[in-house]
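An overview of the molecular structure
Residue-level listing of the chains:
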Amino acid sequence: MSELITITTPLRRFKGHEKGITAVAVFPDKRRMVTGSYDTTVRLWDLKTGVVLKKMEGHRNWVWKLAVSRDGQVIASGDTSGEVIVWHGETGELLTKIKAHSYYISSLDFSPDGTVLATGSLFDEMTKLWNTKTWQLQGDPIECQFVNCVRYSPSGELLAIATNHDIQIYNSGTRKRVKPFKGHKSSNFSLAWTPDGTRLLTGSMNDDPTIREWDTTTWKQVGDPWTGHTDQINTIAIHPAGTLVASASRDIHVRLWQLSDRQTIAVFEHSSITTCVTFSVDGNHIFSGDKDRMISEWTTIATTTVRDACIDGDLSTDEELLMQDINTDANNHTPYIHRSKACFPITSSRIACLNGDLSTAETLLTQDINTSPNNHTSYAHRSFVMARKYDWDQALLDAIKSIRIQPSLTGYISKGIALCGKGRVLDARAAFDVASMYTDQDSEITHFLLLIKAIALFNADQHDEANLLLKELATGCPNADTLACDIVQAYLHVQLGIKALDGARYDEAADHFTAALDSRDPSSKSNIHEIYEDLVVLFGWDLKSLWQKARQKRCNALLRAGKFQDAVKSYQHMMTSSDEITKADCFDWSNGESSANFKQECSALCAANGDSAFAASDYDKAIDLYSMAIDLDSASDIFFAGRSEAKLSKMLWEDALLDAQKATELNPSSHVGYRLSHSALRGAQRYEEAIEAFTIMLTKLDDAPEVQIRYLRQQYVCPTEAEDAIRGAVWIELSNAPLRLLNTSTGLLCDRAAQLNSFKTSPEYKELLSSITKRSDLQMERIKEVVAMHFRCVLLSHRWEETEALLHHVQEKAVYELDGLNGTAKLQSFCKIARNAGYFWAWMDTCCIDKSNNVEVQESVNSMFVWYRHSALTIVYLSDVSPSSQPGALGRSVWNERGWTFQEFVAPKVVIFYQNDWSLYLDDRSPNHKESLAIMEELEGATGINAQALISFRPGMRDAREKLQWASKRVTTMQEDIAYSLFGIFGVHLPVIYGEKKQNALGRLLQEIVARSGDITSLDWVGQSSEFNSCLPADIISYAAPPCSLPSLSEDEIQTAVSSLRNIVPVDSASKLYNMLENMNAPLFANCRLRLPCIAFRVTEVKRRRGLAAHSTYGVKADGLRDLLITTDETLIQFSRAKPTQQTFFLVRPWDRRLLGLPDFSEQLTFADEGESVRDWSESESGSDDTDERSSDSPGEEELSVDSDAHSRSLRLMVHLGQAFSALLVAQQRVGEYKRVASDHSIIAQVKDPASIDIMNIRTLDIL
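Sequence order as written defines residue numbering, which begins from 1 separately in each chain. This being a predicted model, a pLDDT of at least 70 is required before a residue's local features are given, and a value of 80 or more before pairs of side-chain atoms are given or counted; all residues contribute to the totals for chains, interfaces and linings. Just so you know, side-chain values use all the structure's heavy atoms and leave hydrogens and water out.

1. Section: the overall build of the protein chain
Counting its regular elements, the protein chain contains 45 helices and 43 strands. By the burial criterion, 53% of the 1264 residues in the protein chain qualify as buried. By the convention used here, residues are in contact when the closest approach between their heavy atoms is within 4.5 Å. Contacts in the protein chain between residues at least 24 apart in sequence constitute 57% of all its contacts with a sequence separation of at least 6. All accessible-area figures derive from a Shrake-Rupley calculation using a 1.4 Å probe, and residue coverage is judged against the displayed protein chains alone. A total of about 55500 Å² of accessible surface is found on the protein chain, and carbon and sulfur atoms cover 48% of it. A helix here means a DSSP run of H or I that spans at least four residues, while a strand means a run of E at least two residues long, and both kinds are numbered starting from the N terminus. Only protein chains enter the calculation, and the probe is 1.4 Å; a residue is then buried if its accessible area is under 20% of its type maximum, exposed if over 50%, and partly exposed in between.

Right under this line is the structure:
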């Protein structure tokens, strides 16, 4: 057996360093390499072009060691000064520097997960571990003498350290030493773990230049030392598949070893000391560096000692050895294939064929033929090459020449292949049959021959025959190599699949590729390219990538067939079941730049179907589809955005946020990710972050280069605009609320600013602000709803007691922290009940009004009704109703007698009564006691106010006389309050002037009622006249008696009376009377003076009657009226026609427009809906304009044209005027001025004859 051939010429040399190479490493992307040098630089290389991508400078001393993290993102380089520099793996930019050791970094290695960098130093005798996020020392250093090399196990669980004295194994997590052992005779210099972690290889120095193999379960040496090197072994590298080992030595050689038998299969010679070596990611090449400033690239073609025999021509010896192997182990494929290589020996031309260099192979074989024209083998081999080149004619000629020179197995096989290529199938069968005569009846060679025949027939489109032959071979031949049949069958399925794929028969293609993959577990066939190398030589098959191609093609076929979900699953299975090298190749395939980019096309299809599912509201399906797209292309922000949208629809807030953030990370300039983050953060109730995300989104829209994207900005509003809209809604809401409110949570009294600030810090505000994103949102009702909900306020109605909590008691203090006595206890209980009911705000009149501030008192009194009206709840506290009280206690409560409590009950929509222990009255747990039939019946009986009015009370002038009656018996502590407490009832806004006295306060109120409404019913009272105006009572009690009720005529009686007048009263007279009354002005009341439109009857006689009553009673006669009696406290002048007086008296009938059959002034008013404010009602009920009431000028002397209906209306009016009425007695004071003479009983008057009513009696009197 001859010595190995030493290879001295590499495939390539990388030149660029100015001094010797010290370290080399490759990146997982298979595209780049990094090297270190004595020239103090680190250089990044493009493996495809051999160009330096970046020269990385930063070290001041020799760069001694390098390491690249498993993900390729980080490079670490160490120099002889003990400094480590960390570089960015993509850009080569310097990230940080670490003074790791005092001197000489002898080794670097990243943990498999990339979280730790291990550094070793020869001279400070330490191994240190560094956190790769902080680049801080992680834990204490591991002390070891003279550290030469450190290496993590593939799992990262163990850390091996080679020192001058021994090899030490540590648990990387606990730092505990697992095992020390001697290792080599002298210093242990280099280390390498096999990929499965079951073996550790070590190398030593010049006095023991061997590699030793250690079992990592027992830490015992496996087999004998590997010999071959003659000097120190600087570096050991292991093939990614774990089959080969490369070692670099000071003896200027790199040796390639077969791990299985520990034998050298190739030697690569450098020109100087080799310092480092590593495998390419796919294992097809070796990169080694030396002191001659170059990195050399070598190919790693599998060879064995059989190759020596082939080269030496010692085929018989090799044949004998291989037969022994086969007989020893019939299932051993390797000896069998070695026998086939004896028939088709390994030569330079064979290597060229393996590498696909057919031209070189043809040239070499032609040279052999020219050198030895009678070498039949060379002709047969050239025939194989020409067949590979599809030059079937030349292939057949060479086969025939080979057979003519010497018939042989190889010759007839080459002839059979060539004939099949030419389509001469029958002749080819004959050639293969003859070839079987030269197998020496060796079943293995015969089996291999039949495999070749099946392949050749298949290539001649005899698919069925080829498949039948393979089936028979697999089942019928003794000692058959079934693996070979499976591999050929799989390869043929792949070829059929490719044809079907090219023919657009995608389902058929997918079935073929699936059949190929199902033929046998692909993981057991990782070395088939080496075992069945002759199939590669003869047919150019790429067995290395057979399973990879089948997987990839199946993915494409399924995708083309529209089964994209199956395609994705197939792709995912391919990626998860492949080793790292294959996975990297698949990654390159799926991300290729061709139009058939699988990942791009499939991910786009998944995303499109995800969009359709989302549009159909099938969010689960949409999420699954977007997830598939993301699995295929995790760099697309669109896919993450789509999945985020779908997750938002399912309210998966946190998951949606993660996808939104990923979309932003992938496309920072896009607004979409921030928009989705805003929605997800809102859903997760992280409102401040949501607002921040939205603000950033707006800047992205503003900065977008696309016009259409910037146009989107117009529909959005910035948070400050939203804040303004909310603030506006707050002020509107607070305009109907008390100035100061008690915060039920904190117990603090808050002014407007404090109320707003409290709202702005609430989750409700932040949620609302985060929800207002578009201009349309500024007008949405939800702003009002949220604001109204937050500022819902509970008001207290109660009777003031001797001690109450006042403003100065609670200012800048928490209510709950006060002493809790008397009025304070009431306040505390009130606030707690409001708080427990879910209300933020409460109000109590004793402590929430600054009574020293006249302006505030003025606004509070005039706004009190509005506040109660807009309260969410009014709590009535009955201090005199005990828990043991029976029904009726509420009606008897003094609360019903107070002036202010009238409006405090009728104004609110929701009221709840509490007894003096703060338990519910009658234990009525209904949410609104105004809806309690029993309670409302009790209040109706106690107040005389019908229940419907209590429940749905409307403020304003309508039914003024009745409202005055309801309030007539109520009392107040401050006399003016009897009027002030009614401001809200009538919807008036008047000055509050404490000290003006009751008559003035009441007078101003009544004056306002008459002036604004024109309603004269408030003049219907008995009692004492007011100093304010004689037509008004001195006390509200004067309204306690119901208004005078007089009998009215039925419609038949009216019609009868009209008929009788029709013949008596001239049309013109009736019409004039009607028109004059119709055009009468409304009553005017201002500055204590009442201008009263009326029908006045001059009093002609007043005589006192004696003994009829305690008060003075007078008999009175007036023109046109029947005689009547008047009882009054005032002393009247007695007179008669015989004894007249200069003072004029009138009995007047205040004009009531209702007699016209038209609406009264107050009835013409339009009352607002419940949702409008009382102030709005007040404005809508303001006094009518006199000019609006005049439908025409007063009648002149000309004749009026009236129809019968108008005449009837006039006569009906005269009938009404003829009925009894409530009259006022007025006495002249000065010319044109009168005063009302008060009476103790209503003055009932009646005209003598309706037909005699004179228009001269119609006038307007000024009454003081």
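Resuming the write-up.
2. Section: the packing of aromatic side chains
Centre distance within 6.5 Å is the pairing criterion for rings of Phe, Tyr and Trp, where only the six-membered ring of Trp is used; planes under 30 degrees apart are then read as stacked, over 60 as edge-to-face, and the remainder as tilted. Counting across every chain of the model gives 37 aromatic pairs. Between F14 and F287, the ring centres sit 6.1 Å apart and the planes meet at 65°, which makes this aromatic pair edge-to-face. Highlighted residues: F14 in strand β2 (residues 12-15) and F287 in strand β27 (residues 285-290), separated in sequence by 273 residues. For F14, a relative accessible area of 2% corresponds to the buried category. Cluster of aromatic residues (ring-pair linked, three or more members): Y38, W62, W64, Y103, Y104 and F123.

3. Quick look at the side chain of S1030
Take S1030: it is sitting in the loop between α40 (998-1013) and α41 (1051-1062). The class for S1030 is buried, based on a relative accessible area of 5%. One polar contact links the side chain of S1030 to the main-chain carbonyl oxygen of L1264, over a distance of 2.4 Å. Residues in contact with S1030, not counting those within four places in the same chain, are W1021, S1025, K1235, R1236, I1263 and L1264. Polar contact criterion, stated in full: a pair of N or O atoms within 3.5 Å, where within protein one must be able to donate a hydrogen and the other to accept it, and residues adjacent in sequence count only if both atoms are side-chain atoms.

4. Re the layout of surface pockets
Throughout, the protein atoms alone are placed on a 1 Å grid, and a set of points is a cavity if a 1.4 Å probe fits but cannot get out or a pocket if it is open with protein on both sides within 12 Å along at least five of seven lines; lining residues have an atom within 4 Å of a point. Grid points are joined across faces, edges and corners, and a volume is the space filled by probe spheres set on the points. In this model, the second largest pocket occupies a volume close to 1100 Å³. Lining the second largest pocket are 40 residues, and of these T1017, D1020, C1044, D1152 and R1154 lie nearest its centre. At the level of secondary structure, the elements contributing two or more residues to the lining of the second largest pocket comprise α37 (960-967), β39 (1145-1150), β40 (1221-1228) and β41 (1233-1237). Looking at the lining of the second largest pocket residue by residue, the class counts come to 19 nonpolar, 9 polar and 12 charged. Here the term charged refers only to Asp, Glu, Lys and Arg, the term nonpolar to Ala, Val, Leu, Ile, Met, Phe, Trp, Tyr, Cys and Pro, and the term polar to all other amino acids, Gly among them.

5. Considerations on the environment of A646
Along the chain, A646 turns up in helix α21 (residues 637-649). Residues A646 and I623, spaced 23 residues apart in sequence, show a C-alpha to C-alpha distance of 6.0 Å. Ignoring any residue separated from it by four or fewer positions in sequence, one finds A646 in contact with F614, Y619, A622, I623 and Y626.

6. Quick notes on the state of the cysteines
Here, a disulfide means two cysteine sulfur atoms that sit within 2.5 Å of each other. Under the definition given, this model contains 0 disulfides. Looking at the unpaired C606, the closest cysteine sulfur is the one in C602, lying at 4.4 Å. Free cysteine C750: the closest other cysteine sulfur is in C848, separated by 9.9 Å.

7. Points about the nonpolar core
Ranked by internal contacts, the top residues of the largest apolar core, which has 121 residues, are I726, L827, F830, W843, F913 and F986. Not counting residues up to four positions away in its chain, the partners in contact with L827 are L742, A805, V810, V815, M844 and C847. Formed by 106 residues, the second largest nonpolar core is a distinct cluster that contains C353, F448, F564 and I630. The definition of a nonpolar core used throughout is a set of buried Ala, Val, Leu, Ile, Met, Phe, Trp, Tyr and Cys residues joined through side-chain atoms within 4.5 Å.

8. Topic: the pattern of salt bridges
By convention in these notes, a salt bridge is any Lys or Arg side-chain nitrogen within 4 Å of a carboxyl oxygen on Asp or Glu. Tallied over the full model, the rule gives 51 salt bridges. Measuring nitrogen to oxygen at the nearest pair gives 3.1 Å for the salt bridge that ties D620 to K650. Of this pair, D620 sits in helix α20 (residues 619-632) while K650 is found in the loop between α21 and α22 (653-666), placing the two residues 30 residues apart along the sequence. On the basis of relative accessibility, which here comes to 33%, the residue K650 falls in the partly exposed class. Salt-bridge contacts for D1035 lead to K998; the nearest nitrogen and oxygen are separated by 2.6 Å. Highlighted residues: D1035 in the loop between α40 and α41 and K998 in helix α40, separated in sequence by 37 residues. Overall, K998 belongs to the partly exposed group, its relative accessible area being 23%. Taken together, the shared-partner salt bridges in this structure form one network comprising R1089, R1091, R1230, E1233 and D1262.

9. Regarding the pairing of strand β11 (residues 105-110)
Burial analysis of β11 places 6 of its 6 residues in the buried class, which makes it a mostly covered element. Between β11 and strand β12 (residues 116-121), which pair antiparallel and follow one another directly, the connecting turn spans 5 residues, one of which, G114, has a positive phi of 75°. For two strands to be treated as a pair, DSSP must find at least two bridges joining them.

10. Section: the pairing of strand β17 (residues 167-171)
Of all 5 residues making up β17, 4 are buried, and the element is well covered by its neighbours. Here 5 bridges tie strand β16 (residues 158-163) to β17, and the two strands are oriented antiparallel to one another. Across the sheet, L158 pairs through a bridge with N171, a residue of β17. Joining the antiparallel neighbours β16 and β17 is a turn of 3 residues.

11. What to know about helix α12 (residues 482-502)
The terminal C-alpha atoms of α12, which comprises 21 residues, lie 30 Å apart, in line with the 30 Å expected from a rise of 1.5 Å per residue. Of the residues flanking the end of α12, it is A504, one or two places downstream, whose phi is positive at about 65°. By definition here, a helix of n residues has an expected span of 1.5 Å times n minus one.

12. Let's talk about the confidence of the model for the protein chain
Summary of the metric used: pLDDT quantifies the predictor's per-residue confidence within the range 0 to 100. Taken as a whole, the protein chain shows an average pLDDT of 87; of its residues, 89% reach a score of 70 or greater. Low pLDDT (under 50) marks residues 302-344, which in the prediction has 71 contacts with non-local residues, meaning those over four places away or in another chain. A low-confidence stretch, residues 1160-1202 (pLDDT under 50), is modelled with 75 contacts involving residues beyond four sequence positions or located in other chains.

13. Here's the deal with the sheet that holds strand β22 (residues 233-238)
Spatial strand order, β1-β25-β24-β23-β22: 5 strands in an open sheet with mixed pairing. If you trace the sheet from one side to the other, it starts and ends with β1 (6-7) and β22, each paired once. In this sheet, strand β24 (residues 253-258) lies alongside strand β23 (residues 244-249) in antiparallel orientation, the contact comprising 5 bridges. Within β24, the position partnered with L244 by the bridge is Q258.

14. Description of the packing of helix α6 (residues 376-388) against helix α7 (residues 392-405)
It is the contact of α6 with α7, at a shortest axis distance of 8 Å, that shows an interaxial angle of 165°. When the interaxial angle is binned, α6 and α7 end up roughly antiparallel. For the pair α6 and α7, the crossing hand works out as left-handed. In contact with H376, Y379, A380, R382, S383, M386 and A387 of α6, α7 contributes W392, Q394, A395, D398, A399, K401, S402 and I405. Among the residues making up the contact of α6 with α7, the classes are represented as 8 nonpolar, 4 polar and 3 charged. Every axis corresponds to a line fitted to the C-alpha atoms, with the helix fit spanning only the stretch in contact, and the corresponding angles, defined between N-to-C directions, vary from 0 to 180 degrees. Working rule for angles: under 35 degrees goes down as roughly parallel, over 145 as roughly antiparallel, 65 to 115 as roughly perpendicular, anything else as oblique. With the far helix as reference, a near helix turned anticlockwise by less than a right angle produces a left-handed crossing, and one turned clockwise produces a right-handed crossing.

15. Here's the deal with the sheet that holds strand β5 (residues 41-46)
The 4 strands lie next to each other as β3-β4-β5-β6, forming an open sheet whose pairing is antiparallel. This sheet does not close on itself; its edge strands, each paired only once, are β3 (21-26) and β6 (52-57). Taken pair by pair, the neighbouring strands of this sheet meet at an average axis angle of 20°, ignoring direction. Where β3 lies against strand β4 (residues 32-37), 5 bridges are found, and the strand directions are antiparallel. Directly across from A25, in β4, lies its bridge partner V34.

16. Quick look at the environment of V147
The residue V147 is located in strand β15 (residues 147-152) in this model. Placed 23 residues apart in sequence, V147 and D124 show a C-alpha to C-alpha distance of 8.5 Å. Not counting residues up to four positions away in its chain, the partners in contact with V147 are S106, G120, S121, L122, E125, M126, T127, I161 and A162.

17. What about helix α8 (residues 409-421)?
In this model, α8 (13 residues) spans 18 Å end to end at C-alpha, consistent with the 18 Å of a helix rising 1.5 Å per residue. By the burial criterion, the buried members of α8 are L409, T410, G411, Y412, I413, S414, G416, I417, A418, L419 and C420. Backbone geometry just downstream of α8 places G423 in the positive-phi region, at approximately 85°.

18. Some points on the packing of helix α23 (residues 672-683) against helix α24 (residues 687-703)
For the pair α23 and α24, interaxial distance at closest approach is 8 Å and the crossing angle is 165°. Taken together, α23 and α24 sit at an angle that is classed as roughly antiparallel. For α23 against α24, the interelement crossing comes out left-handed. Contact residues: α23 offers Y674, R675, S677, H678, L681 and R682, while α24 offers Y687, E689, A690, I691, A693, F694, I696, M697 and K700.

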